[in-house]
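Okay, here's what each chain looks like letter by letter:
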Amino acid sequence: MTAPARDALAARLRAAGSVFAEDEADLLLEAGDGDPARLRSVVQRRLGGEPLEYVLGWAAFDGHRIRVTPGVFVPRARTTVVVEQAARRLQRYDRVVDLCCGAGAISVALLGRVGALDLVAADIDPDAVDVAAENIGDRGIVVVGDLFAPLPDRFRGAVDVVAVNAPYVPTGSIPMMPSEARDHEHRVALDGGADGLDLHRRIAAGAGEWLRPGGSVVIEVSEAQAAVSCALFADAGFRASVESDDAVDGTCIVATLPG
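Worth saying up front: this structure is predicted, and the values here are computed from it rather than measured.

J.: When you look at the overall build of the protein in this model, what are you seeing that I'm missing?
T.: A tally of helices and strands in the protein yields ten helices and nine strands. A compact globule built from 259 residues would reach a C-alpha radius of gyration of about 18 Å, and the protein, at 19 Å, matches this within 12%. For the protein, the spread of C-alpha atoms along the three principal axes comes to 65 × 40 × 30 Å. Split into buried and exposed, the 259 residues of the protein put 50% on the buried side. Taking the intrachain contacts of the protein between residues at least 6 apart in sequence as the baseline, contacts between residues at least 24 apart amount to 60%. Surface exposure of the protein reaches about 11600 Å², of which carbon and sulfur atoms provide 52%. Of note, the protein has its 25 positive side-chain charges centred 2 Å away from the centre of its 38 negative side-chain charges.

See the structure below:
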């Protein structure tokens, strides 16, 4: 496509509300792959309000392209704070659980940073599990089920790190989320209960059974919820701290089982 045509596409995207119209135009042109009919299709989907990642079929995360399909939670850059804190606590071949894995973005990023791991990714959403299995391939096991329930028994008491991006949006705040999230992502990937921390409570209560002594839970949270979540893990017997990365506006709790 010529530069004027690319600029015209960017102008259409900008008029539809795109903040990064030029970047989106380039990505949509790539997705069109020189096929005018395909390009028209992806442009119309985007102009119709469908999230860019669903239109492209992938999301950028920690230097990787993570495959996503409609409805599956789209990984956000802020979750790299979990990857960073988890990677610091891992060596090759350590045992890792990617809990509430969504499309498997944390797993892919940790494998890229650390190398081979004994990894299990789990999610309650079968659609997410299907996509995570595609992203992770033969580098880990992907299972469907509620939190720790589907994990293999050999992981009990032997996990080095549980890395988690559990839903933490308060139920009442979901209507105020951007349309691309509230209207397109499965609610089970967003809704964290009345205060957003229902899953954090369950994970704090259950993680000790799966971690080795000295193992850690690294779990994403909002800055506003961090003190309460940290206290939940401390009350459950963990050494817990709040860690942040201003560069990506990310916050997580690191909760370590005494050993």
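Back to the write-up after that little detour.
J.: Help me understand the packing of helix 1 (residues 3-15) against helix 3 (residues 36-47) in this model?
T.: A packed helix pair is summarised by two numbers, namely the angle formed by the two axes and the spacing between the axes. In the contact formed by helix 1 and helix 3, the axes pass within 10 Å of each other and the chain directions differ by 25°. The pairing of helix 1 with helix 3 is recorded here as roughly parallel in orientation. Considering how the two elements wind past one another, helix 1 and helix 3 form a crossing that is right-handed. Here Leu9, Arg12 and Leu13 of helix 1 come into contact with helix 3, specifically with Val43, Gln44, Arg46 and Leu47. Looking at the contact of helix 1 with helix 3 residue by residue, the class counts come to four nonpolar, one polar and two charged.

J.: What's the story with the packing of aromatic side chains in this structure? I'm lost.
T.: The description of two aromatic rings rests on the distance between their centres and on the angle between their planes. Tallied over the full model, the rule gives two aromatic pairs. Taking 6.3 Å as the distance between ring centres and 10° as the angle between the ring planes, the aromatic pair formed by Phe148 and Trp210 counts as stacked. With Phe148 in the loop between strand 5 (141-144) and strand 6 (159-164) and Trp210 in the loop between helix 9 (198-206) and strand 7 (211-220), this residue pair connects regions lying 62 residues apart in the sequence. Trp210 matches Phe148 in its accessibility class, with the two residues each being buried.

J.: Explanation requested: helix 9 in the structure shown.
T.: Residues that lie three or four places apart on an α-helix share one face, since the helix turns once every 3.6 residues. Taken together, the buried positions of helix 9 are Leu199, His200, Ile203, Ala204 and Gly206. Considering only its buried residues, helix 9 is in contact with strand 3 (95-99), strand 6, strand 7 and helix 10 (226-235).

J.: Is there a simple way to explain the packing of helix 9 against helix 10 in this structure?
T.: Between helix 9 and helix 10, the shortest axis-to-axis distance is 9 Å and the interhelical angle comes to 25°. Here helix 9 lies roughly parallel to helix 10, going by the angle between them. Between helix 9 and helix 10 the crossing geometry is right-handed. Facing His200, Arg201, Ile203 and Ala204 of helix 9, the residues of helix 10 in contact are Ser229, Leu232 and Phe233. Each residue belonging to the contact of helix 9 with helix 10 can be placed in one class, and the counts come to four nonpolar, two polar and one charged.

J.: Explanation requested: the pattern of salt bridges in the structure shown.
T.: A side chain with one charge may pair with a side chain of the opposite charge, provided their charged atoms come close. If you walk through the whole model with that rule in mind, you get 23 salt bridges. Close ionic contact of Glu209 with Arg156 constitutes a salt bridge, the shortest N to O distance being 2.1 Å. You can see Glu209 sitting in the loop between helix 9 and strand 7 and its partner Arg156 sitting in the loop between strand 5 and strand 6, a full 53 residues away along the chain. Among the residues examined, Glu209 registers a relative accessible area of 46% and is labelled partly exposed. Members of the salt-bridge network, linked through shared partners, are Asp62, Glu84, Arg88 and Arg113.

J.: Would you mind showing me how to read helix 2 (residues 21-32) here?
T.: With twelve residues, helix 2 should cover 16 Å at 1.5 Å per step; its first-to-last C-alpha distance of 16 Å lies within 8% of that length. For helix 2, the full list of buried residues reads Ala21, Glu24, Ala25, Leu28, Ala31 and Gly32. With its buried residues spanning 125° around the axis, helix 2 presents them on a single face. Asp33 sits one or two positions beyond helix 2 and adopts a positive phi of about 55°.

Rules of the game
- Residues numbered from 1 in each chain as written.
- Predicted model: local features only at pLDDT ≥ 70, side-chain atom pairs only at ≥ 80, totals over all residues.
- Heavy atoms only, no water.
- Helix = DSSP H or I, 4+ residues; strand = E, 2+ residues; numbered from the N terminus.
- Rg over C-alpha atoms; globule rule 2.2 N^0.38 Å.
- Buried < 20%, exposed > 50% of the residue type's maximum accessible area, 1.4 Å probe, protein only.
- Contact = heavy atoms within 4.5 Å.
- Areas by Shrake-Rupley, 256 points an atom, 1.4 Å probe, with all protein chains shown as cover.
- Lys, Arg positive; Asp, Glu negative; His and termini not counted.
- Charge placed at Lys NZ, Arg CZ, Asp CG, Glu CD.
- Axes fitted to C-alpha atoms, helices over the stretch in contact; angles between N-to-C directions.
- Parallel < 35°, antiparallel > 145°, perpendicular 65-115°, else oblique.
- Left-handed = near helix turned anticlockwise from the far one by under 90°.
- Nonpolar A, V, L, I, M, F, W, Y, C, P; charged D, E, K, R; others polar.
- Phe/Tyr/Trp six-rings, centres within 6.5 Å; stacked < 30°, edge-to-face > 60°.
- Salt bridge = Lys/Arg side-chain N within 4 Å of Asp/Glu carboxyl O.
- Expected span 1.5 Å × (residues − 1).
- Arc of directions from axis to C-beta.

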